[in-house]
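Analysis of the macromolecular model
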Amino acid sequence: MQQQQVLQGTAKMYDPANLFHNVTADPDLGILGTTTFGISQSFPSRKATRATASFYQQKQSQASAVLAHTQQDLIRQVREIYQHLGYLDAKSRLYRSLDSVYTRFSTIAEQRYKAGDAALAEKLAAQDKAAQVRLILETIDHELNFDQVVLGQLLGLPQAVSAIAEPLRKQIFSLADTALIAQAPSAKAGLAQVSVAKSQQQIEQSRFAPSFSTGVYGQILGNGLVYPGWQLGVNLPLVNKARHKAVESAGLNVQIAEANFQDVLLQQRSKMAHLLHEQEKYNTLIEYFQAQGQALSTELLRNASLNYQEGEIDYTTLSLQVEQAIGIQMNYLENLYGLSLTVVELKFIAGQ
């Protein structure tokens, strides 16, 4: 943007001045009868100056639109990091509760083994499962630390950021906001390119406009007398095929920019339609969990824990029921996280 602001000062750029020295023979004064020294300057036409100034103004607007798009993309990335932090926090809480459950099961398996009611394999399996859960928790901590480093980089900070992420919650993107796509930064960047192309076309068209020149000179006669003078001139561009081809090419650039702009809008609308379908899919899965899955998961965990403590089921059956219960809850978290990322992407396309 700063570069285009500076370049606006070049809109009224003059051609180099012409220093000239003419010698004219004279029948009375000889071969060096009259010597003329002078300087002349051509000035760009007003139409060319306006077209060039408009071109750099449009380039500045384009730079501003690209900057806004870059900022919006940065916002999207930061939002995604926060959603991932919320997801990891929820996943950590789930596995910490699971760690408590498997630690208790491991203790029960140890007691049953000592009492001769369980095989060594059952005790080892329970201990191994508890260790696996603790390993998952350790992995989650590593992911959290990595996200904090990335967040610091996105915010331009030299160190990791200990962010306070909100718990994952159900989000929604309104269908009414789909109309904002035409005003989004990506659309404005494409529209700015169309304006730049039109300004370039105006510059080419302005080359047909006449320009003016002026100059001063002094004549020195062979007898030593000096006579000052001045001149005015009109520069008329020769009409040739090359100039018309340049204008024609600039017109094609306008058509290309307009086609690219329409293509961007089409792609964004298509992508938004796909994401809206994804949003609906995630909403359906989340509603299932809230209506049935959550209660089923809680009941599976309660029955599995109670039956194993009472010795009514073996460890294999216990593991299957616990894994089913945890799988239901993990699916819910995955769907909630997927919905969050989908809404973030929809907001990015809409420029929110």
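One structure accompanies this document, and this report is about it. (Residues numbered from 1 in each chain as written. Predicted model: local features only at pLDDT ≥ 70, side-chain atom pairs only at ≥ 80, totals over all residues. Heavy atoms only, no water.)

Of regular secondary structure, the protein chain possesses six helices and four strands. Order of helices (α) and strands (β) in the protein chain, N terminus to C terminus: α-β-β-α-α-α-β-β-α-α. In terms of overall size, the protein chain is more extended than a compact globule, its C-alpha atoms giving a radius of gyration of 39 Å where 352 residues would be expected to give roughly 20 Å. Dimensions of the protein chain, computed from C-alpha atoms along their principal axes, come out at roughly 140 × 40 × 30 Å. Taking all 352 residues of the protein chain together, 38% fall into the buried category. (Helix = DSSP H or I, 4+ residues; strand = E, 2+ residues; numbered from the N terminus. Rg over C-alpha atoms; globule rule 2.2 N^0.38 Å. Buried < 20%, exposed > 50% of the residue type's maximum accessible area, 1.4 Å probe, protein only.)

Between side chains of opposite charge, a pair can form when the charged atoms approach closely. Per the stated rule, a full pass over the model turns up 15 salt bridges. When salt bridges with common partners are traced through the structure, they connect D73, R76 and E80 into a single cluster. (Salt bridge = Lys/Arg side-chain N within 4 Å of Asp/Glu carboxyl O.)

Moving on, we come to the packing of aromatic side chains. Per the counting criterion, the structure on display carries five aromatic pairs. Both rings, one in Y87 and one in Y337, keep their centres 4.6 Å apart while their planes meet at 20°; by these two values the pair is stacked. Residue Y87 is located in helix α2 (residues 46-114), and its partner Y337 is located in helix α6 (residues 315-350); the two are separated by 250 residues in the primary sequence. Residue classification places Y87 among the buried residues on the basis of a relative accessible area of 6%. Note on Y337: relative accessible area 14%, which makes it buried. In textbook terms, an aromatic cluster arises when at least three aromatic residues are bridged by ring pairs, as seen for Y102, F105 and Y308. Just above the ring of F348 sits the side chain of R76; from NZ or CZ to the centre is 5.2 Å. A cation over an aromatic ring shows up here: K281 above the ring of Y282, its NZ or CZ 4.7 Å from the ring centre. (Phe/Tyr/Trp six-rings, centres within 6.5 Å; stacked < 30°, edge-to-face > 60°. Lys NZ or Arg CZ within 6 Å of the ring centre and 35° of its normal.)

As a further point, take the environment of V66. Inspection of the secondary structure puts V66 in helix α2. Residue V66 is classed as partly exposed on the basis of its relative accessible area, which comes to 42%.

Bringing the nonpolar core into the picture now. Ranked by size, the top nonpolar core spans 54 residues in total, and within it Y102, F105, M272, Y308, L318 and V322 carry the most contacts. Here this core takes 17 residues from α6, the largest share from any one element. With sequence-adjacent residues up to four places away left out, F105 is seen in contact with A126, S305, Y308, L318 and V322. Among the nonpolar cores identified, the runner-up in size contains seven residues, and V194, A197, A257 and F261 belong to it. (Core = buried A, V, L, I, M, F, W, Y, C linked by side-chain atoms within 4.5 Å. Contact = heavy atoms within 4.5 Å.)

Our next topic: the layout of surface pockets. The computed volume of the largest pocket comes to approximately 390 Å³. In terms of lining, the largest pocket is formed by 18 residues, of which the most central are D15, P44, S45, A48 and R207. It is α2 that provides the largest number of residues to the lining of the largest pocket, a total of three residues. For the lining of the largest pocket, the class distribution of residues is eight nonpolar, seven polar and three charged. (1 Å grid on protein atoms, 1.4 Å probe; cavity = no way out; pocket = protein on both sides within 12 Å on 5 of 7 lines; lining within 4 Å. Points joined across faces, edges and corners; volume = space filled by probe spheres on them. Nonpolar A, V, L, I, M, F, W, Y, C, P; charged D, E, K, R; others polar.)

One way to put it is that helix α4 (residues 185-206) packs onto helix α5 (residues 241-309) with a least axis distance of 8 Å and a crossing angle of 175°. The angle between α4 and α5 falls in the class roughly antiparallel. In contact with S186, A187, G190, L191, Q193, V194, A197, K198, Q200, Q201, E204 and Q205 of α4, α5 contributes A246, V247, A250, G251, N253, V254, A257, E258, F261, V264, L265 and Q268. Its residues assigned to classes, the contact of α4 with α5 comprises 12 nonpolar, nine polar and three charged. (Axes fitted to C-alpha atoms, helices over the stretch in contact; angles between N-to-C directions. Parallel < 35°, antiparallel > 145°, perpendicular 65-115°, else oblique.)

Before going further, it helps to spend a moment on the side chain of D99. With respect to the helices and strands, D99 occurs in helix α2. In this structure D99 comes out as buried when scored by relative accessible area, which is 18%. Apart from residues no more than four positions distant in its own chain, D99 is found in contact with A130, V133, R134 and L137.

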